Each structure stands twice: as C-alpha cells, then as structure tokens.
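# Summary of structural features
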Amino acid sequence: MFGYVNVNGQELSEENKKIYQSYYCGLCRSLRKNYGAGCQLLLNYDMTFLIVLLTGLYEPTNREQNFTCGLHPMKKRTSCVNEVSDYAAAMNVALAYHNLLDDWKDDRNYTKKTIASIIRKNYEEVARRYPRQVAAIEGYLAKLGEFEEAKEQNIDLVAGATGEMLGEIFAWKQDEWYDELKTLGFYMGKFIYLMDAYEDLDKDERKDSYNPFRFLRREQAQNFETLAKLMMTSMMSECAKSFERLPILTHAEILRNILYSGVWSKYEYIQLKKKRNKE
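Residues numbered from 1 in each chain as written. Predicted model: local features only at pLDDT ≥ 70, side-chain atom pairs only at ≥ 80, totals over all residues. Heavy atoms only, no water.

### Some thoughts on the overall build of the protein chain
When helices and strands are counted, the protein chain shows twelve helices and two strands. Going residue by residue from the N terminus, the α and β elements of the protein chain occur as α-α-β-β-α-α-α-α-α-α-α-α-α-α. A compact globule built from 279 residues would reach a C-alpha radius of gyration of about 19 Å, and the protein chain, at 19 Å, matches this within 12%. With the principal axes as the frame, the protein chain shows a C-alpha extent of 55 × 45 × 40 Å. Per-residue burial for the protein chain yields a buried fraction of 48% across its 279 residues. Here the contacts in the protein chain between residues at least 6 apart in sequence split such that 69% fall between residues at least 24 apart. By element, 48% of the accessible surface of the protein chain is carried by carbon and sulfur atoms, the whole surface being about 14,500 Å². (Helix = DSSP H or I, 4+ residues; strand = E, 2+ residues; numbered from the N terminus. Rg over C-alpha atoms; globule rule 2.2 N^0.38 Å. Buried < 20%, exposed > 50% of the residue type's maximum accessible area, 1.4 Å probe, protein only. Contact = heavy atoms within 4.5 Å. Areas by Shrake-Rupley, 256 points an atom, 1.4 Å probe, with all protein chains shown as cover.)

Below, the structure written as structure tokens:
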C-alpha cells in the first residue's frame, strides 16, 4: 500500500526539494530515535507527505540538524524534525507492521514474517499511544479480509475501507481540523487502494488473486482504462478540494506538487511499461 504519494521532482524547485528531503530525513531519524535503527528500513514517502501536510497546517517548531548519513556519507544532510515527525514515525511503524504480515499471508515470505516479529513490540507501543488510529488500522484489515472472502465486486465500497483507515491517521488531533483532515485522508486512501489494485491487476489475474478491478475489466473491457482513470481522478479531485479548504500557506507549493502531479507518477510509469510491452 506504500509508495504512491510522492513529489514530482521535475516540477519542484531546488529549494523545495531540499525542504522535502529534510522532512524525509527527519522521519528517518525519528524512526531510529523512537524505535531503533532497524525501523529505519520501514521508511516511506507516504508518511513524509503527512509530515509536510500537518506541519503546514499546525506550524510546529522545527529542529534542523546537519548530519552524515550512513547510506550517503559523502555529503552532509539536513534533517528537519518536529512533533509531527514522531507521530508520522509511529504511524509508519503501525502500517508497515501490518503490511509485512499481509506479505507473509499472501506470499509466505518468511523474511517479512521475521521482520514483523522483530518490530511487534514497537507496534504494541504505538497501539498504546495511539489507540484510535491503531483500532482504525485493525478494523480496516478485518473489513478488507471480509471483502476478499466474499469476493466483493463493489470497488468503491472496498476502496472506502482504506479511505476510512487513512482518514483516522491523517486526523492527528480531535480538534477543529479533524473532519477536514479525515475527509482528505479518506479520498487519499481510496486513491491509494485504486492505484494499488490497478498496478497489481495483471499479476492478480495470473495468480487468480482477489482484485475488484478484475470484475470491472471483465464487464467493461473496452472502457476499462477510461473508467479506472476516471475513478482515480475523481478521488484526487476530492482530496485536492479538501486540501484547498485548509488554511495552509507553509509548504503549500510542495503539497500541491504532490496532490496535482506527484501521485500520478506511478500511473504514468505503468502506462509507459504497457506501451513498451506492446512494442
């Protein structure tokens, strides 16, 4: 479920690239500080978007630090950390834990099962600190399991489960911004599910695995590509509307880059791959 919410680097200024990278590095360092060096391997750009979003809205005090990264030792890096970084790190661990278990269930990947076992105590700590969000994640997984068992064909219903879960994660605090952040997360979550299902469609066809897009493509073979793109575009349109209703000025350019362009990077890559395969 990770990997779809990223920047479009070609359309981002050098200054904003550095800012975005500093939050990414900050998330990495928060994972290490709070959950150990091993959890740095769980790092992903989706939660970096959440940091930039919540930082832009709440404007917490940032702490910047220059450091040498073990993976990139030749050049000094700058990390930007605030209280949102710690929250995003916790959500990163919770989501990654269940993602690892899901990979184990689907593919019997023992490496993923081992990593999940290693970070289980970290996950339990996150569950104690953020019971509402973790309950949403666990409830989502239970609901998704029911949909898969029943081979639910209503893709909007299935995608909505991801939306409900991500909505609770985006709604950091139960304050005046709770409803709008939950709405933004809801549509972002639906988009992520649709994009993930779209990317995995051919693989799931070969493996005869559950994927609600399989039913749509079977019934609407000629119009499938148009309908799939329309669904995803509709979700991001609602997501962007929700964002524009928030009073965010700090990092607004970075956030718009992601919402209007960056999230489509994977879709464009898939289209390019399909074109090359045909040729």
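### Re the packing of aromatic side chains
A full pass over the atoms with the stated rule returns 15 aromatic pairs. Plain terms: the ring middles of Phe191 and Trp264 are 5.3 Å apart, the flat faces sit at 75° to each other, and that makes the pair edge-to-face. Of this pair, Phe191 sits in helix 8 (residues 178-207) while Trp264 sits in the loop between helix 11 (252-260) and helix 12 (265-278); the two residues are 73 residues apart in sequence, bridging distant segments of the chain. Exposure remark for Phe191: the relative accessible area of 0% places this residue in the buried category. Assessed through its relative accessible area of 12%, Trp264 is described here as buried. Put simply, the rings of Phe191, Tyr198, Phe213, Phe224, Trp264 and Tyr267 touch in pairs and so form one group of aromatic residues. The positively charged end of Arg217 is found above the aromatic ring belonging to Phe224, 5.8 Å away from the centroid. Its guanidinium or amino end placed over the ring of Trp264, Lys229 lies 5.4 Å from that ring's centre, counting from NZ or CZ. (Phe/Tyr/Trp six-rings, centres within 6.5 Å; stacked < 30°, edge-to-face > 60°. Lys NZ or Arg CZ within 6 Å of the ring centre and 35° of its normal.)

### Comments concerning the packing of helix 10 (residues 224-245) against helix 11
Running from amino to carboxyl end, helix 10 crosses helix 11 at an angle of 165°, the nearest separation of the two axes being 10 Å. In terms of orientation, helix 10 lies roughly antiparallel with respect to helix 11. Seen from above, helix 10 lies across helix 11 with left-handed handedness. Between helix 10, through Met236, Cys239, Ala240, Phe243 and Glu244, and helix 11, the contact on the second element is made entirely by Ala252, Leu255, Arg256, Leu259 and Tyr260. Here the contact of helix 10 with helix 11 is composed, by residue class, of eight nonpolar, no polar and two charged. (Axes fitted to C-alpha atoms, helices over the stretch in contact; angles between N-to-C directions. Parallel < 35°, antiparallel > 145°, perpendicular 65-115°, else oblique. Left-handed = near helix turned anticlockwise from the far one by under 90°. Nonpolar A, V, L, I, M, F, W, Y, C, P; charged D, E, K, R; others polar.)

### Some words on the nonpolar core
Formed by 88 residues in total, the largest nonpolar core has its most connected members in Leu53, Ile169, Met188 and Phe213. Among residues more than four places away in sequence, those in contact with Phe213 are Ile155, Leu194, Ala197, Tyr198, Leu201, Phe224, Ala228 and Met231. (Core = buried A, V, L, I, M, F, W, Y, C linked by side-chain atoms within 4.5 Å.)

### Details of the layout of surface pockets
A probe as big as a water molecule, rolled over the atoms, marks out the empty space that is left. In this model, the second largest pocket occupies a volume close to 360 Å³. Lining the second largest pocket are 16 residues, with Cys28, Gln40, Cys69, Leu71 and His72 sitting closest to its centre. Counted by class, the lining of the second largest pocket contains eight nonpolar, five polar and three charged residues. (1 Å grid on protein atoms, 1.4 Å probe; cavity = no way out; pocket = protein on both sides within 12 Å on 5 of 7 lines; lining within 4 Å. Points joined across faces, edges and corners; volume = space filled by probe spheres on them.)

### Remarks on helix 9 (residues 212-219)
For helix 9, every residue scored as buried is listed here: Pro212, Phe213, Arg214, Phe215 and Leu216. Against the buried residues of helix 9 lie helix 7 (155-170), helix 8 and helix 10. For helix 9, the N-terminal capping position is held by Asn211, with its side-chain oxygen 3.0 Å away from the main-chain nitrogen of Phe213. (Polar contact = N/O pair within 3.5 Å; in protein donor to acceptor, adjacent residues only side chain to side chain.)

### Description of the environment of Ala171
As for its placement among the helices and strands, Ala171 is situated in the loop between helix 7 and helix 8. Between the C-alpha atom of Ala171 and that of Lys207, which follows or precedes it by 36 residues, the distance is 36 Å. Filtering out sequence-adjacent residues up to four positions away, Ala171 remains in contact with Arg132, Gln133, Tyr178, Leu181 and Lys182.

### Considerations on the pattern of salt bridges
The tally for this structure, following the rule as stated, stands at 17 salt bridges. Each of Asp202, Glu205, Asp208, Arg214 and Arg217 takes part in one network of salt bridges that share partners. (Salt bridge = Lys/Arg side-chain N within 4 Å of Asp/Glu carboxyl O.)

### Topic: unusual backbone geometry
With a phi angle near 50°, Glu59 is a residue other than glycine that sits in the positive phi range. Along the chain, Glu59 turns up in the loop between helix 2 (45-58) and strand 1 (63-67). Even without glycine at this site, Lys151 takes up a positive phi of about 50°.

### What to know about the environment of Ala127
Tracing the backbone shows Ala127 in helix 5 (residues 120-129). Between the alpha carbons of Ala127 and Ala94 there is a distance of 7.9 Å; along the sequence they are 33 residues apart.

### Looking at the side chain of Asn82
Following the sequence through the fold, Asn82 ends up in the loop between strand 2 (77-81) and helix 3 (83-107). By relative accessible area, Asn82 is classed as buried at 0%. If near-sequence neighbours (up to four positions away) are discounted, Asn82 is found in contact with Tyr23, Thr55, Pro60, Thr61, Asn62 and Arg63.

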